[in-house]
Amino acid sequence: MAIFKDRMGRSLSIKTATSKISNRIYNYYADFFIFWLHLFCYIPSHHVRRFILRLAGAKIGKGTSIHMGCRFFSLKNITIGEDSIIGEGIFMDGRAPVKIGNHVDIASQVMIYSSEHDINSEDFHAALGPVEIGNYIFIGPRAIILPGVKIGKGAVIAAGAVVTKDVAEFAIVGGVPAQVIGERKIRDPHYRLGRARLFQ
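Notes on the structure in this doc start here.

Next up on the list: the packing of aromatic side chains. Scanning the model with the defined rule gives 4 aromatic pairs in all. Between the aromatic rings of F91 and Y113, the centroid separation amounts to 5.3 Å while the plane-to-plane angle is 45 degrees, which identifies the pairing as tilted. Pair noted here: F91 is in strand 8 (residues 91-93) and Y113 is in the loop between strand 11 (111-112) and strand 12 (115-117), with a separation of 22 residues, a long-range link. Judged by relative accessible area, Y113 falls into the partly exposed class, the value being 24%. Relative to Y191, the ring of Y136 lies with its centre 5.0 Å away and its plane at 80 degrees, an arrangement referred to as edge-to-face. Taken together, the residues Y136 in the loop between strand 14 (131-133) and strand 15 (138-139) and Y191 in the segment after strand 21 (179-183) connect sequence positions 55 residues apart. Its relative accessible area of 10% is what places Y136 among the buried residues. Taken together, the ring pairs connect F32, F35 and W36 into an aromatic cluster. Sitting over the ring of F73, R95 keeps its end group 4.5 Å from the ring centre.

Following this line, the structure appears as structure tokens:
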């Protein structure tokens, strides 16, 4: 009779069980750390939030602003370029790499996922997929970016869109799932986003 079983009822060796126990303890520590990190993200200072997020492992470029109420999962895989604005209440999942370019404007309450469950697997395991967001992109409020998506330079994601596949450069997409609804006229963007609101 097996001493250890996984959540599916399968028998585990002592070595595998020990590894799972160690992983569980690490996850408790990580969850506790993330809890405190989220509290720090309500400090009303872009400089302080940037400093704390960099200490926690995120790579954040010069002049980028992170608004209050941001939530992250695993910062070590998150890279944000220069002069980008990350909106209030955003969720960014860094279990797989998430790379955001320069001069990117991400509105409030956007969710960016790099992990999702495989609904066809017997154990409902997580499937990872890196997300890449190019330069000069605008992502509207409450849009959702799913794992494995690459968004090309200058693209626009409409508010509430659910992006399930790659988006071409300068395309405008919207809807659920997101489809091309237009094309951006500007082809050589070189603007800077400017300063973020001081106490947001």
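Next up on the list: the nonpolar core. The nonpolar side chains of a soluble globular protein tend to be buried with one another. Residues M92, I100, I112 and I157 are the most contacted members of the largest nonpolar core, which totals 37 residues. Of all the elements in the fold, those that place two or more residues in this core are helix 2 (46-55), strand 6 (78-80), strand 9 (98-100), strand 14 and strand 20 (171-174). Not counting residues up to four positions away in its chain, the partners in contact with I157 are F138, I139, G140, A143, I145, I151, V163, V167 and V173.

Conventions used here
- Position numbers for residues count from 1 along each chain, tracking the sequence in the order it is written.
- Per-residue local features of the predicted model are confined to residues with pLDDT of at least 70, and side-chain atom pairs are confined, for both listing and counting, to 80 or more; whole-chain, interface and lining totals are unaffected and use all residues.
- For side-chain calculations, the full set of non-hydrogen atoms in the structure is used, while hydrogens and water are omitted.
- Only centres within 6.5 Å qualify two rings of Phe, Tyr or Trp (six-membered ring in Trp) as a pair; their planes then separate them into stacked at under 30 degrees, edge-to-face at over 60, and tilted for everything else.
- Counting from the N terminus, the helices are DSSP H or I runs at least four residues long and the strands are E runs at least two residues long.
- A 1.4 Å probe rolled over the protein chains alone gives each residue an accessible area, and that area as a share of the maximum for its type sets the label: buried under 20%, exposed over 50%, partly exposed in between.
- Two conditions define a charge located above a ring, namely a distance within 6 Å from the ring centre to NZ of Lys or CZ of Arg, and an angle within 35 degrees of the ring normal.
- To define a nonpolar core, start from buried Ala, Val, Leu, Ile, Met, Phe, Trp, Tyr and Cys residues and group those joined through side-chain atoms within 4.5 Å.
- Contacts between residues were defined by any pair of non-hydrogen atoms, one from each residue, lying within 4.5 Å.

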